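# A look at the structure
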Amino acid sequence: MLPEHVERLRAWQAEDTQPVRSEPDEQQLEEWNYIIAAAMETHRAITITHWQTGKPECDDFYVHCLEPERKQLRVVTIDGVARILSLLDIETISEIG
């Protein structure tokens, strides 16, 4: 193989192994809204997988408030650190346990 072909194959392979963001469908958004509302009401932590620095990260949070007009979710980590997550960066939301 020619060196330029090898370079292109390696670049293609590296691109192919990167994680891909998925768009939530309507049913998934409804389920997330239910989980968020229940977590805020009962003060229970939830697990959120969100994109940070180009890869998904999974963390446990307490929900402070949901700001749909800004497309943000204000949360507090288990350690007590306040964070703002963009709804566009959220991959999954699930209840703990």
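See the structure printed just above.
Residues numbered from 1 in each chain as written. Predicted model: local features only at pLDDT ≥ 70, side-chain atom pairs only at ≥ 80, totals over all residues. Heavy atoms only, no water.

### Quick look at the pairing of strand β1 (residues 45–52)
Most of β1 sits inside the fold, with seven of its eight residues counted as buried. Where β1 and strand β2 (residues 55–67) come together, eight bridges link them in antiparallel fashion. The residue bridging His 50 from the neighbouring strand is Glu 57, located in β2. Counting the residues in the hairpin turn of β1 and β2 gives two residues, including Thr 53, whose phi is positive at 50°. In this structure, β1 lies alongside strand β5 (residues 90–95), joined through five bridges in antiparallel fashion. Each bridged residue has a counterpart across the sheet, and for Thr 47 the counterpart in β5 is Ser 94. (Buried < 20%, exposed > 50% of the residue type's maximum accessible area, 1.4 Å probe, protein only. Helix = DSSP H or I, 4+ residues; strand = E, 2+ residues; numbered from the N terminus. Pairing = 2+ DSSP bridges.)

### Examining unusual backbone geometry
Of note, His 43 is a non-glycine position whose phi angle comes to about 55°, a positive value. Judged by relative accessible area, His 43 falls into the exposed class, the value being 66%. Even without being a glycine, Thr 53 presents a positive backbone phi close to 50°. One can find Thr 53 in the loop between β1 and β2. Assessed through its relative accessible area of 72%, Thr 53 is described here as exposed.

### A few points about the environment of Ile 90
For Ile 90, the position within the fold is in strand β5. Overall, the relative accessible area of 2% leaves Ile 90 in the buried class. Beyond its immediate stretch of four places on either side in the chain, Ile 90 contacts Trp 32, Ile 48, Thr 49, His 50 and Leu 73. (Contact = heavy atoms within 4.5 Å.)

Honestly, that's just the spatial picture; any functional story needs more than this.
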